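Next come the chains, spelled out residue by residue.
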Amino acid sequence: MIDVAAVRLDTPGVENVAHFNNAGASLMSRPVYETVSVILEEEYLCGGYETARAFEVDIQGVYTSLATLVGGARDEIAVVENATVAWQHAFYGMRFQSGDQVLTTTTEYGANFVAYLQIGERKGISIDVVPDTATGEVDIAALASMITDRTKLISINHMPTSNGLVNPAADVGRVARDAGVPFLLDACQTLGQMPIDVEEIGCDMLTGTSRKFLRGPRGVGFLWVRDSMLDQLDPIVLDHHAAEWTGRLTYALRPGARRFENWETMIAAKVGFGVAVDYALDLGLDSIWDRDSYLAAELRQGLGAIDGVTLHDRGTVKGAIVMFDVDGVEPVRVRDDLHEQGINVSYSTRGSSVIDFDRRGVESLVRASVHYFNTEDEIARLVRTVDILAR
Ligand SMILES: Cc1ncc(COP(=O)(O)O)c(C=O)c1O
C-alpha cells in the first residue's frame, strides 16, 4: 500500500497544483529534485567534468536501477535523450530490406508511425496495422495470422499516448517468439505505472522515458536491448563513445547497449533519473499499479456521470490515462480553464495517433492522467470543475 501522506510530503508540487498530467510530465519527488540540484550546483561551483568524476558511482548505478526496473541486465541498457531517440536507435538499427514487413497497432504513437512511413518509403517495406479486438487491444489471433516470412519486426506500444488501454504485451511476446520475429515494445506510458519484466513479456527491445510515470527529470530516456538482439542492430550513428577508434582506419563497436549512447549527456538528469527509478522500486510497482488503477477508475466514474462528457478510453485493462471530451468546449479550452483553477491536464491532438483519432472521429481530446500521489479530493475537484465547464 502506498503511504499517500508520505509521498505527498515528498512532492512539494502538490501544494501548488492538482496534477493530472503524469502522462505528459509528472511532478518530480524531492529526492529527485535535490539530486539534480546538487549536481548542477557542483558543476556550477567546481566544473562539469570534475563533477562527473565525483558522481561516477551514481552514474553507473543508473544502469543497475534501470536493469532492475525492467528485469534485464545493466549491459543491455543505453541511457539517451528521451524515449523517441531510444526507439529510433532500435527501429532504424534494424537491417530492413525491400519487401520486409513491420506489424504495428492502430494506436501507435505519432513519432513511431512517421518513422515507419519514412523507412517504408526509403526501403520499400510494408507497414501493416494489426486490427483491434472489440475492446480495443491489439488482436492476438489477427497478429499471429498476419505473420509471414517477410515479417521483420513486431512493434507496438504497451499503453498508447492517448488511450487508457493496456495492450497484452506478453501475448504479443509469445506470438513473436513462436515466429522468431523481433519484438520492440514502446513502454513509455507504462514504466513507473505498473510492473514490467522483459522476460515475462518476451520482448527483444524496450523503450522508456524519465519524466512521465517514473517522475524523473526531463530530457532523458533509455533503451533496453536483449543481449542476443544486439548484433542484429546496425547502430544508425556512432561517435567515439559508442565505438572505440582503434586505428587510422579502424573502429570497434562498444560492447553492450551503450553503443547506442553518445558522449555528451546531462549528468544531473541522468543521475536524477536513477533516483526516480529507485523511488518507484522502493514504493513497489505492484502497489503503484493498484493505486493508479483505482484512482483512474474513480476519475472515469466521476467524469462519466457528467452530462455532456464522453469518455474515450478502450481496453479490458485500463490504466492511469483518462481521455474525455466535453460537448461544445474545445479540449484546449478545457485544459486552459482547468489550469487557471490550479488543475493540470493536457490535451492530445490527432497527429499524436492518427488512426486512433480518426476511428473516434475527433481532432483532439482532453487527457487527464492520475498517479499515486493524487487524492480522492483532487479527483472530486477535477470532476466538479469539469461539471461546471460542461453546463
Ligand atoms: C506511447 C509513447 N511513446 C513514446 C513517447 C515519446 O517519449 P519522449 O517524448 O520521451 O520521446 C510518448 C510521449 O508522449 C508516448 O506517449
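Keep in mind it's a predicted model, so treat the numbers as computed, not measured.

## Section: the nonpolar core
Within soluble globular proteins, side chains that are nonpolar generally end up buried alongside one another.
Step number 1: Core analysis: the biggest nonpolar cluster contains 85 residues, and Ile154 and Leu206 have the highest contact counts within it.
Step number 2: Counting residues per element, this core draws most heavily on helix H11 (residues 285–304), which supplies seven residues.
Step number 3: Ignoring sequence-local partners within four residues, the contact set of Ile154 consists of Leu103, Leu143, Ile147, Val172, Ala176, Val181, Pro182, Phe183 and Leu184.
Step number 4: Ala86, Ala90, Tyr116 and Met205 belong to the second largest nonpolar core, which has 26 residues in total.

## A look at the packing of helix H4 (residues 56–70) against helix H10 (residues 267–283)
Step number 1: For the pair H4 and H10, the least separation of the axes is 9 Å and the interaxial angle reads 40°. Taken together, the axis directions place H4 and H10 in an arrangement best described as oblique. Two packed elements cross with a definite hand, and for H4 against H10 that hand is left-handed. Across from Asp58, Ile59, Val62, Tyr63, Ser65, Leu66, Thr68 and Leu69 in H4, the residues of H10 making contact are Ile267, Lys270, Val271, Phe273, Gly274, Val277, Asp278 and Leu281.
Step number 2: Taken together, the residues that form the contact of H4 with H10 break down as ten nonpolar, three polar and three charged.

## Topic: the sheet that holds strand E4 (residues 126–130)
Step number 1: With mixed pairing, seven strands are arranged side by side in an open sheet as E2-E8-E7-E6-E5-E3-E4. The open sheet has two edge strands, strand E2 (77–80) and E4, and neither has a second partner. For this sheet, the mean inter-axis angle between neighbouring strands, taken without regard to orientation, is 20°.
Step number 2: Bridge count between strand E5 (residues 151–157) and strand E6 (residues 183–186): four bridges; the pairing is parallel. Directly across from Asn157, in E6, lies its bridge partner Asp186.

## Observations regarding unusual backbone geometry
Step number 1: With a phi close to 65°, Arg215 is a non-glycine residue in the positive phi region.
Step number 2: Within the secondary structure, Arg215 is located in the loop between strand E7 (205–209) and strand E8 (221–225).
Step number 3: For Arg215, a relative accessible area of 2% corresponds to the buried category.

## Here's the deal with the pairing of E2
Step number 1: Here E2 shows two buried faces, one formed by Ile77 and Val79 and the other by Ala78 and Val80.
Step number 2: Note: E2 against E8, four bridges, orientation antiparallel. Each residue of the ladder has a partner; that of Ala78, found in E8, is Leu223.

Procedures and definitions
Residues numbered from 1 in each chain as written. Predicted model: local features only at pLDDT ≥ 70, side-chain atom pairs only at ≥ 80, totals over all residues. Heavy atoms only, no water. Core = buried A, V, L, I, M, F, W, Y, C linked by side-chain atoms within 4.5 Å. Buried < 20%, exposed > 50% of the residue type's maximum accessible area, 1.4 Å probe, protein only. Helix = DSSP H or I, 4+ residues; strand = E, 2+ residues; numbered from the N terminus. Contact = heavy atoms within 4.5 Å. Axes fitted to C-alpha atoms, helices over the stretch in contact; angles between N-to-C directions. Parallel < 35°, antiparallel > 145°, perpendicular 65-115°, else oblique. Left-handed = near helix turned anticlockwise from the far one by under 90°. Nonpolar A, V, L, I, M, F, W, Y, C, P; charged D, E, K, R; others polar. Pairing = 2+ DSSP bridges.

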